[in-house]
Amino acid sequence: MVDSSIWIEKHRPKGFEEIMGQDNIVRRIKSFVEQKNLPHLLLSGPPGVGKSTIALVIARELFGENWRQNFLELNASDSRGIDTIRNEVKDFCRTKSLGNVPFKIIFLDESDSLTREAQSSMRRIMEQYAHNTRFILSCNYSSKILDPIQSRCTIFRFKPLEKKDIYKIINNVSDEEKLQVDDKAREALVYISNGDVRRLENVMQSCSMMSHEISEELIYEIVSAAKPKEIKEILQSAVNGNFARAKDKLLEVMLKHGLSGLDIIKQIQSEIWNLELKDERKIELIDKCGEVEFRMVEGSDEFIQMESLIANFMKK
Amino acid sequence: MKQYTPNKLNEIIGQDTSKILKWFENPKKKALLIHGPSGVGKTSSVYALAKEKNLEILELNSSDLRNKEQIKNVIGIASQQQSLFGKNKLILIDEVDGISGRHDYGGLAELNKVIEDTKHPIILTGNEIFDSKFSTLRRKCELLEFKAVDYLELFEFLKNMCKENNIKYDETFLKNLARKNNGDVRAALLDLERSIEENSLEEYGDDREYKDNIEDALRLVFKSKDVNILLKAFDKVDMNPDEILLWIDENISREYDENDLIKAYQAIAKADVYKGRITKRQYYRFWTYQSAMMSVGVGLSKKEKQKGFIAYKRPERILKMWIAKQRNAKKNSIVEKFALKTHISKKKAYQEFGFLVKFLKEPNVKLELELDESEEEWLNEN
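Thresholds, definitions, all that
Residues numbered from 1 in each chain as written. Chains lettered and ligands numbered in written order. Predicted model: local features only at pLDDT ≥ 70, side-chain atom pairs only at ≥ 80, totals over all residues. Heavy atoms only, no water. Helix = DSSP H or I, 4+ residues; strand = E, 2+ residues; numbered from the N terminus. Buried < 20%, exposed > 50% of the residue type's maximum accessible area, 1.4 Å probe, protein only. Contact = heavy atoms within 4.5 Å. Areas by Shrake-Rupley, 256 points an atom, 1.4 Å probe, with all protein chains shown as cover. Core = buried A, V, L, I, M, F, W, Y, C linked by side-chain atoms within 4.5 Å. 1 Å grid on protein atoms, 1.4 Å probe; cavity = no way out; pocket = protein on both sides within 12 Å on 5 of 7 lines; lining within 4 Å. Points joined across faces, edges and corners; volume = space filled by probe spheres on them. Nonpolar A, V, L, I, M, F, W, Y, C, P; charged D, E, K, R; others polar. Domains from an automatic or database assignment. Patch = residues over 30% accessible without salt bridge, like charges linked within 9 Å, V, L, I, M, F, W, Y side chains within 5 Å. Salt bridge = Lys/Arg side-chain N within 4 Å of Asp/Glu carboxyl O. Lys, Arg positive; Asp, Glu negative; His and termini not counted. Charge placed at Lys NZ, Arg CZ, Asp CG, Glu CD. Buried area = accessible area lost by both parts, 1.4 Å probe. Pairing = 2+ DSSP bridges. Axes fitted to C-alpha atoms, helices over the stretch in contact; angles between N-to-C directions. Phe/Tyr/Trp six-rings, centres within 6.5 Å; stacked < 30°, edge-to-face > 60°. Lys NZ or Arg CZ within 6 Å of the ring centre and 35° of its normal. Polar contact = N/O pair within 3.5 Å; in protein donor to acceptor, adjacent residues only side chain to side chain. Right-handed = clockwise from strand over helix to strand, strands pointing away.

Asks: What is the right way to look at the overall build of chain B in this model?
Replies: Secondary structure assignment for chain B yields 19 helices and 5 strands. For chain B, with 382 residues in total, the buried portion stands at 47%. Of the contacts made within chain B by residues no fewer than 6 positions apart, 73% connect residues no fewer than 24 positions apart. Surface exposure of chain B reaches about 20100 Å², of which carbon and sulfur atoms provide 48%.

Shown next as structure tokens:
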């Protein structure tokens, strides 16, 4: 197979031994695979720590060349309704597995974004087809997975990668891609990636388009270009009492960059500390952020909630 | 309700009519343009002035043809002649904004000419006179704005009207009626008249109410602080709650500011939370709470009532979202291809897009993602 030109694919571990920083989990899952006996798995943890990678490695190790025929990958946040579960999942379950493994695998990525109904319809399917199908669910927050589903799965909690592992990955990638990364740049990469290898490799690849000598400045340039600068403007307009402008700008940013309320609120929250306000006001606003973020997670209208948050910045 | 037509300028409620007198006695310009919403006394005050000063009125209103010829022949000539009965003349061009560009071709230009040459005072009235086609006219006239009449003043007026005519009335009813009509005295009088005919001064159920449009309902909510009014504000609006919420959201910052706005947004956001709970639990009783937050919650957020008429706008968010979607269609398809190749969701790919966009332009990557020409084009532009 030709290597991918996209680094997050190219450098994705192909076997268990290449997976970094999740030793316990790898050891246990490896023994399941060796016995060709796999329970349903629930892989929980922050993004970019190896959940999808492990699912793919399991498939390759179990099914070899034909892994794609026995492996259905669904991304729950793109197809999160009950119809997906009923149709695609059931259709796949109904056919027998090919090869010498008695079951097939369904990998439901980001399954915490499945609706409750979709999750409930899954519990039945998980039992009904237990003889020929295993589920691997991945999620960021296991609290969003219904209890009955959790109880049917063996749960693995992934940790963010430690610094030393990130450093190792930086070394590997820069060796293979013939990049010069100095110490300060390494530190910056560790900081930027925040334990997320996908983010790390995307940033590295973007940097490599500019130069093969990666400096701290280049990294921050790439990263700040990736973040909309308008957030600060929005908050400043609101603080100055110009709500209409803040509101228009907010809508514009969300639409132009295709960002969700949740994407934006993260930036607002970190921007609050940089505003020229009394500290008491700042913590009040942080509290408001938390409430609004909670509401959006619960399914409220992100525009209205965000606007109500922005309005609070006007308070004198 | 012809019999309630005011005979004197000071019988006109809610407007500073002394300014009309001042203009009449000491005009800086030959024409006066009175503008403002309907039913607040623009035409009535012209007739009152005529009665007070014993003037003969020559009127041209929107029921007449008002093209170039007509204005020249009727007004143009009259503006040069003395009156037949020895009275002084007053020329009234009613509803000047109703002069049609097509059917009344050349009318406005002729009107401008007439004003220049006239020997008699001219008063013009109109609702919307800030269109650019009236710019010359506005320059040639003294401008006088009539505002929507405050509902309390209107209420007092209706009350007196009832007293004078020995009509029994219910205060709350009259108050609602006054508020309902948004400062439109004529409409309020018509409503009152009709209720008297139907003998139903306690019950409020006339046709005007069925015509409740969203703007009227919004105005109630933004202007009132009376819980009974607020609670029912959106009842007769033929629109689903989500859409009403969009309307509130679009327009509230035109009426409220500072702390009022903060509080109102708290209420709106809470209404939205209840809306979410309805969807999630399919428990429709939450609607009661959503509705209360949208109407009473928003209404009581203001410290003081704002006077003045503000035009509302149709919500633009949905349209803007649609336009953005069209514009982002290419980005979307690129994101989708990338997501599929790298085992991530579209959503995540979207979030990471800023980190990707640099290397997506790399030839090998483009090839691997099988980007088509239009997608490549999009990448090069962004």
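That shown, we press on.
Asks: Looking at this model, I keep getting lost on the overall build of chain A. Mind explaining?
Replies: When helices and strands are tallied, chain A shows 15 helices and 7 strands. Sorting the 316 residues of chain A into buried and exposed places 55% on the buried side. Excluding contacts between residues fewer than 6 apart, the proportion of contacts in chain A whose partners are at least 24 apart in sequence is 73%. Roughly 15100 Å² of accessible area belongs to chain A as shown, and the carbon and sulfur atoms make up 46% of that amount.

Asks: Any chance you could explain the nonpolar core here in plain terms?
Replies: The nonpolar side chains of soluble globular proteins are, as a tendency, buried together. Core analysis: the largest hydrophobic core is formed by 60 residues, its most contacted members being Ile268 and Phe313 of chain A together with Ile248, Ile252 and Val298 of chain B. The contact partners of Phe313 of chain A, leaving out residues within four places of it in the chain, are Leu235, Ala238, Val239, Ile268, Ile272, Leu275, Arg281 and Leu285 of chain A.

Asks: Even after reading the chapter, I still don't get unusual backbone geometry, so can you show me in this structure?
Replies: Negative phi is the rule for most residues except glycine; trans is the rule for most peptide bonds. All names here are of chain B. Of note in this structure, Asn54 is not a glycine but carries a positive phi near 55°. With respect to the secondary-structure elements, Asn54 resides in the loop between helix 2 (42-53) and strand 2 (55-60). Although it is not a glycine, Glu95 adopts a positive phi angle of roughly 45°. Along the chain, Glu95 falls in the loop between strand 3 (88-93) and helix 4 (107-117).

Asks: When you look at the layout of surface pockets in this model, what are you seeing that I'm missing?
Replies: A probe matching the size of a water molecule, rolled over the atoms, marks out where space remains unfilled. All names here are of chain B. Of the volumes computed, that of the second largest pocket is approximately 1000 Å³. Around the second largest pocket, the lining comprises 35 residues; the ones closest to its centre are Tyr4, Thr5, Pro6, Ser44 and Leu189. Looking at the lining of the second largest pocket, the elements with two or more residues in it are helix 2, strand 4 (122-126), helix 6 (151-164) and helix 8 (185-197). Take the lining of the second largest pocket: its biggest share by element is 6 residues, from helix 6. When the residues that make up the lining of the second largest pocket are grouped by side-chain class, the tally is 12 nonpolar, 12 polar and 11 charged. When residues of the lining of the second largest pocket are assigned to domains, at least three map to each of domain 1 (9-145) and domain 2 (151-197).

Asks: For this particular structure, what's the right way to read a negative patch on the surface?
Replies: All names here are of chain A. Among the surface-exposed residues, Glu17, Glu18, Glu34 and Glu61 lie close enough to one another that they form a single negatively charged patch. Inspection of the secondary structure assignment puts Glu61 in helix 3 (residues 51-63). Taking relative accessible area as the criterion, Glu61 reaches 41% and is therefore assigned partly exposed.

Asks: It is not clear to me how the interface of chain A and chain B should be interpreted in this structure. Could you clarify?
Replies: Quite often, the size of an interface is put as the accessible area lost when its parts meet. In this assembly, 50 residues from chain A lie in contact with 45 residues from chain B. In total, about 4400 Å² of surface goes out of reach between chain A and chain B, with carbon and sulfur atoms giving 58% of it. The largest contributions to the chain A side of the interface with chain B come from Ile6, Leu255 and Ile304 of chain A, which together make up 13% of the buried area. Remark: the boundary between chain A and chain B carries 5 salt bridges.

Asks: Which parts of the structure should I look at to understand helix 7 (residues 171-180) of chain B?
Replies: One full turn of an α-helix is made of 3.6 residues, so residues set three or four places apart face in the same direction. Listed as buried for helix 7 of chain B are Phe173, Leu174, Leu177, Ala178, Arg179 and Lys180 of chain B. Two residues or fewer past helix 7 of chain B, Asn182 of chain B is found with a positive phi of approximately 50°.

Asks: I keep staring at the sheet that holds strand 1 (residues 41-44) of chain A and nothing clicks. Help me out?
Replies: Two strands in a sheet stick together by hydrogen bonds in their backbones, pointing the same way (parallel) or opposite ways (antiparallel). Residues and elements named next belong to chain A. Ordered in space as 2-3-4-1-5, the 5 strands form an open sheet in which the pairing is parallel. The sheet is open, and its two edges are formed by strand 2 (71-75) and strand 5 (154-157), each paired on a single side. Within the sheet, the average angular offset between the axes of one strand and its neighbour, ignoring direction, is 15°. Sheet topology note: the strand 2/strand 3 (residues 104-109) ladder contains 5 bridges and is parallel. Residue pairing in the sheet places Phe71 in a bridge with Ile105 of strand 3. Contacting strand 1 and strand 5, helix 2 (residues 23-34) crosses the sheet at an angle of about 150° to strand 5.

Asks: Looking at this model, I keep getting lost on the packing of aromatic side chains. Mind explaining?
Replies: The relative placement of two aromatic rings is captured by the distance of their centres and the angle of their planes. In total, this model carries 9 aromatic pairs over all chains according to the counting rule given. Among the aromatic residues, those joined into a ring-pair cluster are Tyr274, Tyr283, Phe286 and Tyr289 of chain B. In this structure, Lys104 of chain A is placed above the aromatic ring of Phe92 of chain A, and the distance from its NZ or CZ to the ring centre is 3.9 Å. The residue whose ring lies beneath Lys175 of chain B is Phe155 of chain B, and the NZ or CZ to ring-centre distance is 5.6 Å.

Asks: What is the right way to look at the side chain of Asp196 of chain A in this model?
Replies: All names here are of chain A. You can see Asp196 is positioned in the loop between helix 8 (183-193) and helix 9 (197-210). We note that Asp196 is buried and unpaired, the nearest opposite charge coming from Arg199 at a distance of 5.0 Å. There is a polar contact of 2.9 Å between the side chain of Asp196 and the backbone nitrogen of Arg198. Reaching out from Asp196, the side chain makes a polar contact with the backbone nitrogen of Arg199 at a distance of 3.1 Å. When near neighbours in sequence (up to four residues on either side) are disregarded, Asp196 contacts Pro47 and Gly48.

Asks: I keep staring at a nonpolar patch on the surface and nothing clicks. Help me out?
Replies: On the surface, Val227, Leu231 and Leu300 of chain B cluster together into a nonpolar patch covering about 220 Å² of accessible area. If you trace the backbone, Leu231 of chain B turns up in helix 11 (residues 227-232).

Asks: Is there a simple way to think about the pairing of strand 3 of chain A in this case?
Replies: Side-chain positions along a regular strand alternate between the two faces of the sheet. Residue and element names in this part refer to chain A. Within strand 3, 6 of the 6 residues are buried, which leaves the element mostly enclosed by the surrounding structure. Judged by which residues are buried, strand 3 turns out to be covered on both faces: Lys104, Ile106 and Leu108 on one side and Ile105, Phe107 and Asp109 on the other are all buried. Inspection of the sheet shows strand 3 paired to strand 4 (residues 133-139) by 5 bridges, in the parallel sense. The residue of strand 4 that forms the bridge with Ile106 is Phe135. Note on the crossover from strand 3 through helix 5 (residues 116-128) to strand 4: the handedness is right-handed.

Asks: What should I look at first to understand the environment of Thr279 of chain B in this one?
Replies: Secondary-structure assignment places Thr279 of chain B in helix 13 (residues 258-281). Within the structure, the side chain of Thr279 of chain B is placed 2.9 Å from the backbone oxygen of Lys275 of chain B, a separation counted as a polar contact.

Asks: Got a minute to help me understand the sheet that holds strand 1 (residues 31-35) of chain B in this structure?
Replies: Residue and element names in this part refer to chain B. With respect to topology, 5 strands assemble into an open sheet ordered 2-3-4-1-5, the strand pairing being parallel. Sheet topology places strand 2 and strand 5 (141-145) at the edges, where each strand pairs with a single neighbour. Pairs of neighbouring strands in the sheet enclose a mean axial angle of 25°, with direction left out of account. Direction of pairing for strand 1 relative to strand 5: parallel, over a ladder of 5 bridges.

Asks: Please clarify how the side chain of Glu9 of chain A should be interpreted in this entry.
Replies: Position of Glu9 of chain A among the secondary structure elements: in helix 1 (residues 7-10). Setting aside anything within four residues of it in sequence, one finds Glu9 of chain A in contact with Ser4 and Lys14 of chain A together with Lys341, Thr342 and His343 of chain B.

Asks: Sorry, what's going on with the environment of Ser308 of chain A here?
Replies: Among the structural elements, Ser308 of chain A can be located in helix 15 (residues 302-312). Taking C-alpha positions, Ser308 of chain A is 8.4 Å from Val292 of chain A, a pair spaced 16 residues apart along the chain. Ser308 of chain A has contacts with Val292 of chain A together with Tyr265 and Ala269 of chain B, leaving out every residue within four places of it along the chain.

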